[in-house]
Amino acid sequence: MIYPVLLCGGSGTRLWPLSRKSYPKQFTDVVGEESLFQASARRFVGEGFADPLVVTGDPFRFIVSEQLDDIGITPSGIMIEPDGRNTAAAAAAAALFVAKQDPDALLLLVPSDHAVAHPDIFRDAVTDGQAAARAGDIVTFGIVPTRAETGYGWLETGDETADRVFKLHRFLEKPDKARAEELLQDGRYLWNAGVFLAKASVLLDAFKEHAADILKDVQASFENAKQDLDFIRIDPDHWARVREESIDYAVMEAATNLSAVRFDSHWTDLGGWEAVWLETDKDDAGNALSTNTTAFDCENSLLRSESDGIELVGIGLKDTVAVAMHDAVMVADMSDSQNVKKAVKVLRERGAKQADQLPVDHRPWGWFETLVLADRFQVKRIHVNPGAALSLQSHVHRSEHWIVVQGTARVTVDEEVKLVTENQSVYIPLGAVHRMENPGKLPMVLIEVQTGSYLGEDDIIRYEDVYARS
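Residues numbered from 1 in each chain as written. Predicted model: local features only at pLDDT ≥ 70, side-chain atom pairs only at ≥ 80, totals over all residues. Heavy atoms only, no water.

Per an unreviewed UniProt entry, the protein goes by mannose-1-phosphate guanylyltransferase and derives from Pseudooctadecabacter jejudonensis. Checking UniProt for the protein, the heading Sequence similarities (unreviewed entry) contains the comment "Belongs to the mannose-6-phosphate isomerase type 2 family." Entered under Catalytic activity (unreviewed entry) in the UniProt record, the comment concerning the protein runs "alpha-D-mannose 1-phosphate + GTP + H(+) = GDP-alpha-D-mannose + diphosphate". (UniProt positions renumbered as here; feature names shortened; annotations may be inferred.)

Listed below in structure tokens is the structure:
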């Protein structure tokens with residue numbers, strides 16, 4: 001049995017403004033009709049695979065459970081990192097989880113933000129690597145390169161030990177263009193996909209030998225973990241001591257029991273907008289266009305509007321990326337699109353909320369977006385999922401007025417509980433203990449008007465919450 005481990009704690013800033021810290025790229029439908037995370041989970045469902053283990057951050061725990069539920073997958077566990085410590089810590093925690101079930105079980109460490117065109121071929125590659133993994137090797141997967149890529153690390157392979165399985169000599173850093181051209185011409189070199197297959201016990205032994213300090217602190221965090229609803233919440237005090245490092249640097253580059261499976265099919269990590277352009281259908285001039293976009297005399301460009309209310313028009317563009325959202329627009333030369341990460345850093349230093357926060361704020365009960373924000377009032381659209389409920393709460397600095405525009409709300413205001421239907425409204429005085437619920441089978445939507453001296457999301461005193469938020 002193979003335990004897929006989905007790593008999904010990254011922020012994905014290279015696909016800003018679509019991907020942001022509040023809702024990173026793995027949870028968005030960058031390509032296709034479902035999120036990259038959902039596609040990754042589907043990739044390893046079926047005979048020979050256990051239910052997936054997910055390692056993610058606290059802000060994403062309900063997004064993970066909701067997206068898995070939407071595609072009918074029940075995880076074996078959702079492990080919550082107190083904060084990101086890179087892939088070494090996450091891998092060690094996952095190995096401890098799997099080893100607790102069976103030390104000799106295989107775990108498959110998989111980033112959750114990659115796109116694979118043919119999942120069946122990738123599963124075949126995993127099957128090819130099983131014998132080496134069961135014999136005690138750590139198996140990685142090398143992608144047969146199709147271009148002189150400078151955005152990926154590379155692998156140098158040695159002798160073939162089984163069909164499509166090779167000894168792995170070394171990991172190579174991201175090369176410059178000239179070196180990438182050389183690697184492309186030499187059949188020994190493959191792209192590093194960052195996917196690893198190994199026995200849980202073998203991976204833990206590798207940590208003991210090459211990164212004992214990381215394993216020690218992760219083990220203490222894991223042993224002091226607590227169950228929180230359906231989540232495994234890793235102990236934050238011990239986790240704070242864990243050294244931040246990638247699994248490549250911490251373990252793989254020092255290990256000698258390494259093999260690589262040659263994967264000769266389409267794969268991408270969608271690490272930037274140029275990669276998205278490569279993955280998207282194009283017109284005769286090489287333009288990748290979303291809905292609500294128009295191109296005049298443009299060539300080899302990506303135009304993407306993420307809102308029905310924004311029409312994006314490109315005129316005379318060549319090798320250009322333009323992405324428009326309600327609150328931010330990004331335009332770049334295709335060759336410079338990797339520098340989006342630097343732009344996000346500048347925005348963050350300026351205090352621009354667009355650097356990290358999407359206009360839509362996701363919650364375990366649904367989502368909301370701010371329509372108007374002024375000095376002493378704010379207008380929101382709030383979407384509550386069927387059967388969901390907000391916490392029982394009060395505010396110190398604001399009052400609220402709710403107008404239901406779709407569905408029916410069950411509203412509690414102090415001692416009064418009543419149903420509010422479409423076109424009806426209710427007033428929540430400052431300090432009143434209140435809650436809204438959706439008792440129906442369809443989404444409920446309301447407009448909320450807040451007035452007061454302070455309108456921040458931290459002006460909430462919670463008394464009861466079905467999602468156990470503090």
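Got a minute to help me understand the overall build of the protein in this structure?
Within the protein, the regular secondary structure consists of 11 helices and 30 strands. Its C-alpha atoms give the protein a radius of gyration of 24 Å, near enough to 23 Å, the size a compact globule of 470 residues would have. If one aligns the C-alpha atoms of the protein with their principal axes, the spans along those axes are about 75 × 60 × 40 Å. Nonlocal contacts in the protein, meaning residues at least 24 apart in sequence, comprise 68% of its contacts between residues at least 6 apart. About 21,300 Å² of surface is accessible on the protein, with carbon and sulfur atoms providing 48% of the total. Distance between charge centres in the protein, computed from 47 positive and 74 negative side chains, equals 3 Å. (Helix = DSSP H or I, 4+ residues; strand = E, 2+ residues; numbered from the N terminus. Rg over C-alpha atoms; globule rule 2.2 N^0.38 Å. Contact = heavy atoms within 4.5 Å. Areas by Shrake-Rupley, 256 points an atom, 1.4 Å probe, with all protein chains shown as cover. Lys, Arg positive; Asp, Glu negative; His and termini not counted. Charge placed at Lys NZ, Arg CZ, Asp CG, Glu CD.)

Can you walk me through the confidence of the model for the protein in this structure?
Should pLDDT be low for a region, the predicted coordinates there are not to be read in detail. Per-residue confidence for the protein gives a mean pLDDT of 94, with 100% of residues at or over 70. Per-residue pLDDT, averaged within each element of the protein, yields its smallest value for strand 13 (residues 267-268) (90) and its largest for strand 17 (residues 312-315) (98). (pLDDT = per-residue confidence, 0-100.)

Just checking my understanding: could you explain helix 7 (residues 212-223) for this structure?
It helps to recall that an α-helix has 3.6 residues per turn; residues three or four apart then point in one direction. In this model, helix 7 (12 residues) spans 16 Å end to end at C-alpha, consistent with the 16 Å of a helix rising 1.5 Å per residue. Regarding helix 7, the residues found buried are I214, L215, D217, V218, A220, S221 and F222. (Expected span 1.5 Å × (residues − 1). Buried < 20%, exposed > 50% of the residue type's maximum accessible area, 1.4 Å probe, protein only.)

Quick question: what am I supposed to make of the domain arrangement of the protein here?
It is common to give the size of an interface as the accessible area that goes away when the parts come together. Taken as a whole, the protein is organised into domain 1 (2-268), domain 2 (274-351) and domain 3 (360-464). The centre of domain 1, based on its C-alpha atoms, is set 29 Å off from the matching centre of domain 2. Each partner contributes residues to the interface: domain 1 has 13 residues there, and domain 2 has 18 residues. With both chains or domains summed, domain 1 and domain 2 bury close to 1,500 Å², and 65% of this area falls on carbon and sulfur atoms. The three residues of domain 1 that bury the most area against domain 2 are T13, R14 and W16, which together make up 40% of that side's buried surface. (Domains from an automatic or database assignment. Buried area = accessible area lost by both parts, 1.4 Å probe.)

In this structure, what is going on with the nonpolar core? I would like to understand it.
Among soluble globular proteins, nonpolar side chains are generally buried collectively. With 68 residues, the main nonpolar core has L108, V126, F141 and L197 as its most contacted residues. Each of domain 1 (2-268) and domain 3 (360-464) accounts for three or more of the residues forming this core. Residues within four places of L108 in sequence aside, it is in contact with I2, Y3, P4, V5, F44, V126, F141, V195, F196 and L197. In this structure, A93, A206, I232 and M252 belong to the second largest nonpolar core, which totals 50 residues. (Core = buried A, V, L, I, M, F, W, Y, C linked by side-chain atoms within 4.5 Å.)

Please explain the layout of surface pockets as it appears in this structure.
The method is simple in principle: a probe with the dimensions of a water molecule rolls over the atoms, and the space it marks as empty is what remains. Here the second largest pocket is characterised by a volume of approximately 500 Å³. K353, Q357, P359, T370 and Q378 are the residues nearest the centre of the second largest pocket, which is lined by 20 residues in total. Looking at the lining of the second largest pocket, the elements that each hand over two or more residues are strand 21 (366-373) and strand 22 (377-384). Of the residues forming the lining of the second largest pocket, the biggest block, six residues, is contributed by strand 21. In terms of residue class, the lining of the second largest pocket is made up of eight nonpolar, six polar and six charged. (1 Å grid on protein atoms, 1.4 Å probe; cavity = no way out; pocket = protein on both sides within 12 Å on 5 of 7 lines; lining within 4 Å. Points joined across faces, edges and corners; volume = space filled by probe spheres on them. Nonpolar A, V, L, I, M, F, W, Y, C, P; charged D, E, K, R; others polar.)

Could you clarify how one ought to interpret helix 1 (residues 36-43) in this entry?
Judged by how many residues are buried, helix 1 sits mostly within the fold: six of eight residues are covered. Within helix 1, the full set of buried residues consists of L36, F37, Q38, S40, A41 and R43. In this structure, the buried residues of helix 1 make contact with strand 1 (2-8), strand 2 (53-57), helix 2 (61-70), strand 4 (106-111), strand 5 (115-116) and helix 4 (119-134).

In this structure, what is going on with the UniProt feature "domain: Mannose-6-phosphate isomerase type II C-terminal" (unreviewed entry) in the protein? I would like to understand it.
Within this structure's numbering, the places UniProt gives as "domain: Mannose-6-phosphate isomerase type II C-terminal" (unreviewed entry) are residues 361-465. Between the first and last C-alpha atoms of residues 361-465 the distance is 18 Å; the span itself is 0% helix and 59% strand.

What am I meant to see in the sheet that holds strand 14 (residues 288-289) here?
Sheet strands pair by backbone hydrogen bonding; their relative direction is either parallel or antiparallel. Taken together, four strands build an open sheet; the order of strands is 14-16-18-19 and the sheet is mixed. Only two strands of the sheet have a single neighbouring strand rather than two, namely strand 14 and strand 19 (329-333). (Pairing = 2+ DSSP bridges.)

It is not clear to me how the packing of aromatic side chains should be interpreted in this structure. Could you clarify?
The geometry of two aromatic rings is summed up by the distance between their centres and the angle between their planes. This structure, assessed with the given rule, holds 13 aromatic pairs. Between F44 and F49, the aromatic rings sit 5.7 Å apart at their centres with planes inclined by 50 degrees, giving tilted as the arrangement. With 5.0 Å between their ring centres and 75 degrees between their planes, F122 and F263 make a pair best called edge-to-face. Within this pair, whereas F122 is found in helix 4, its partner F263 is found in strand 12 (residues 258-263), the two being separated by 141 residues in sequence. Relative accessible area serves as the criterion here: at 3%, F122 is assigned to the buried category. (Phe/Tyr/Trp six-rings, centres within 6.5 Å; stacked < 30°, edge-to-face > 60°.)

Quick question: what am I supposed to make of the pairing of strand 16 (residues 302-305) here?
Residues in a regular strand point their side chains to alternate faces of the sheet. Of the two faces of strand 16, the one lined by L302 and R304 and the one lined by L303 and S305 are each fully buried. Here strand 14 pairs with strand 16 via two bridges, running parallel. Across the sheet, residue A288 finds its bridge partner in strand 16, namely L302. In this structure, strand 16 lies alongside strand 18 (residues 320-324), joined through four bridges in parallel fashion. Within strand 18, the residue paired with S305 across the bridge is A324.

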